[in-house]
Amino acid sequence: MFSKNHFFGKDIVSIRDFSRNDLEFIFDSTDKIQQLTPEEKSELGKGRTLGYIFYEPSTRTRMSFEAAMAALGGSSIGIFDSKFSAIEKGESLADTIRIIDLYSDVIVLRHARDGSSRYAAELSSNPIINAGSGSEEHPTQAMLDLYTIFKEKGRIDNLTIGIVGDLKYGRTVYSLLYGLKNYHVNVHLISPPSLAIRKESIFEFERIMNINHYDYLDDIIPQLDVLYVTRIQKERFPDTQEYEKVKGTYRIDEKILDDAKIDLSIMHPLPRLDEISHTIDNTKNAIYFKQAAYGKELRSALLALILNEDPF
Ligand code: CP
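Residues numbered from 1 in each chain as written. Predicted model: local features only at pLDDT ≥ 70, side-chain atom pairs only at ≥ 80, totals over all residues. Heavy atoms only, no water.

1. Notes on the overall build of the protein
Summing up its helical and strand segments, the protein has 11 helices and nine strands in all. Computed over its C-alpha atoms, the radius of gyration of the protein comes to 19 Å, within 12% of the 20 Å expected for a compact globule of 312 residues. With the C-alpha coordinates of the protein rotated into their principal frame, the extents come out at 55 × 45 × 40 Å. Looking at the protein residue by residue over its 312 residues, the buried ones come to 56%. Intrachain contacts of the protein at a sequence separation of at least 6 include 71% that bridge at least 24 residues. When the accessible surface of the protein is split by element, carbon and sulfur atoms take 49% of a total near 14,000 Å². (Helix = DSSP H or I, 4+ residues; strand = E, 2+ residues; numbered from the N terminus. Rg over C-alpha atoms; globule rule 2.2 N^0.38 Å. Buried < 20%, exposed > 50% of the residue type's maximum accessible area, 1.4 Å probe, protein only. Contact = heavy atoms within 4.5 Å. Areas by Shrake-Rupley, 256 points an atom, 1.4 Å probe, with all protein chains shown as cover.)

In structure tokens form, the structure reads like this:
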């Protein structure tokens, strides 16, 4: 593993830009930042400003970045409801990025369009962090997902990982799979045929990873070490009738645990609707709230690496 921070001043647009060494450097930095005192941490972003623009709703991503920046001693400014910004008057993404670039040191962007963060990175002089671009990617979510697996299981290699739900529109699924390409894992994809992984991506994944496809979770649950559950992305369906046909297709409840490994880890990027029963929340298998907590730590480390040449 390299020891030099080469994330200083860099954009985080796609998880595909990160090698296994890169990811492990970020995980190691996430471990290190949790060992700092609050005073030490608050030096890493002192006097710096995070600017954010969320064209789509967010709870975890926006708030964890804000909380991370506050812990680093910096501040955050931004737009999370475009109705109360000049976007409502018709200001373009390009001009919005150019303006927030003037007022901040690092920019976090969520946008409904694939390619939006790559485009913003070309315009901005300060680093852009992709906080979700259409149904394409959510790279920092994948980093925290991989970190969660690593912390909970002690490794990522040689695990059997099931990903269930909306594999067509779920951007966290694509970023996670691109991240998992760096590891030796068995991946089982479980979805109704109409929500299967997009054809243009499956070829790339299958070339590198051992991937199997299933319609039903029951067929595969006993083999899994990790079950990554996703919400059906109602907002991305071109036709709401198509959403009505598949909503509620999967529901993870205690019955499923009867056939699962005793230490199965159940993850979810959240928000969940009804795909995981609340009766699962207090089982030791449920790690989705811990996963959200790791999000703040990992994003703190990432910001520290982007804002400082030698933070740790
Ligand atoms: N996981 C995730 O991106 O959650 P938010 O939409 O709340 O940011």
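2. What to know about the sheet that holds strand E3 (residues 106-111)
Taken together, four strands build an open sheet; the order of strands is E2-E1-E3-E4 and the sheet is parallel. The open sheet terminates on both sides in strands that have one partner only, identified here as strand E2 (75-79) and strand E4 (128-133). The average angle at which neighbouring strand axes cross in this sheet is 15°, direction not considered. One ladder, built from five bridges, connects strand E1 (residues 49-54) with E2; its direction is parallel. Bridged to isoleucine 53 within E2 is isoleucine 79. On top of the sheet, helix H5 (residues 116-123) reaches E3 and E4; it is set at about 160° to E4, its chief contact. (Pairing = 2+ DSSP bridges. Axes fitted to C-alpha atoms, helices over the stretch in contact; angles between N-to-C directions.)

3. Observations regarding unusual backbone geometry
For residues besides glycine, phi is generally negative; the peptide bonds are generally trans as well. At the junction of leucine 270 and proline 271, the peptide bond is cis and its omega measures out at 5° in the coordinates. In this structure, proline 271 sits in the loop between strand E9 (265-267) and helix H11 (288-307). In this structure, asparagine 158 takes a positive phi of about 65° despite not being glycine. Mapped onto the secondary structure, asparagine 158 falls in the loop between helix H6 (139-153) and strand E5 (160-164).

4. Points about the layout of surface pockets
Size it by volume and the largest pocket reaches roughly 400 Å³. Residue lining of the largest pocket: 20 residues in total, with Arg110, Arg171, Arg231, Leu270 and Pro271 positioned closest to the centre. Only helix H3 (60-71) and helix H7 (171-180) provide two or more residues apiece to the lining of the largest pocket. Two domains share the lining of the largest pocket, each providing at least three of its residues, namely domain 1 (15-138 + 293-307) and domain 2 (139-288). (1 Å grid on protein atoms, 1.4 Å probe; cavity = no way out; pocket = protein on both sides within 12 Å on 5 of 7 lines; lining within 4 Å. Points joined across faces, edges and corners; volume = space filled by probe spheres on them. Domains from an automatic or database assignment.)

5. As for empty space enclosed by the protein
Evaluation of the coordinates by the stated rule reveals one cavity of 30 Å³ or more. Roughly 60 Å³ of volume is contained in the largest cavity. Taken together, Arg60, Thr61, Gln141, Leu144, His268, Pro269, Gln291, Ala292, Gly295 and Arg299 make up the full set of residues lining the largest cavity. Elements with a contribution of two residues or more to the lining of the largest cavity: H3, H6 and H11. With four residues, H11 is the single largest residue contributor to the lining of the largest cavity. Taken together, the residues of the lining of the largest cavity break down into three nonpolar, five polar and two charged. (Nonpolar A, V, L, I, M, F, W, Y, C, P; charged D, E, K, R; others polar.)

6. What to know about the site of the ligand
All residues adjacent to the ligand are Ser58, Thr59, Arg60, Thr61, Arg110, His138, Gln141, Pro269 and Leu270. Interatomic distance of 2.6 Å between a side-chain N/O atom of threonine 61 and an oxygen atom of the ligand. Between histidine 138 and the ligand, the recorded distance is 2.9 Å, taken from a side-chain N or O atom to an oxygen atom. Among the detected pockets, the ligand sits in the largest pocket. When residues are assigned to domains, the shell around the ligand turns out to be shared by domain 1 (15-138 + 293-307) and domain 2 (139-288), each giving three or more. (Near = heavy atom within 4 Å. Polar contact = N/O pair within 3.5 Å; in protein donor to acceptor, adjacent residues only side chain to side chain. Sits in = over half its atoms within 2 Å of the grid points.)

7. Notes on the side chain of threonine 96
Among the secondary structure elements, threonine 96 is positioned in helix H4 (residues 93-103). Relative accessible area serves as the criterion here: at 5%, threonine 96 is assigned to the buried category. Not counting residues up to four positions away in its chain, the partners in contact with threonine 96 are Ile53, Tyr55, Ile79, Ile87 and Glu91.

8. Points about the packing of H6 against H11
As a packed pair, H6 and H11 sit with axes 9 Å apart at the nearest point and diverge in direction by 115°. For the pair H6 and H11, the crossing hand works out as right-handed. Judged by residue contacts, Thr140, Gln141, Met143, Leu144, Asp145, Tyr147, Thr148, Lys151 and Glu152 of H6 engage Lys290, Gln291, Tyr294, Gly295, Leu298, Arg299 and Leu302 from H11. Residue composition of the contact of H6 with H11, by class: six nonpolar, five polar and five charged. (Left-handed = near helix turned anticlockwise from the far one by under 90°.)

9. Quick word on a negative patch on the surface
Residues Asp215, Asp218, Asp219, Glu254, Asp258 and Asp259 make up a contiguous surface patch of negative charge. The topology assignment puts glutamate 254 in helix H10 (residues 254-258). (Patch = residues over 30% accessible without salt bridge, like charges linked within 9 Å, V, L, I, M, F, W, Y side chains within 5 Å. Salt bridge = Lys/Arg side-chain N within 4 Å of Asp/Glu carboxyl O. Lys, Arg positive; Asp, Glu negative; His and termini not counted. Charge placed at Lys NZ, Arg CZ, Asp CG, Glu CD.)

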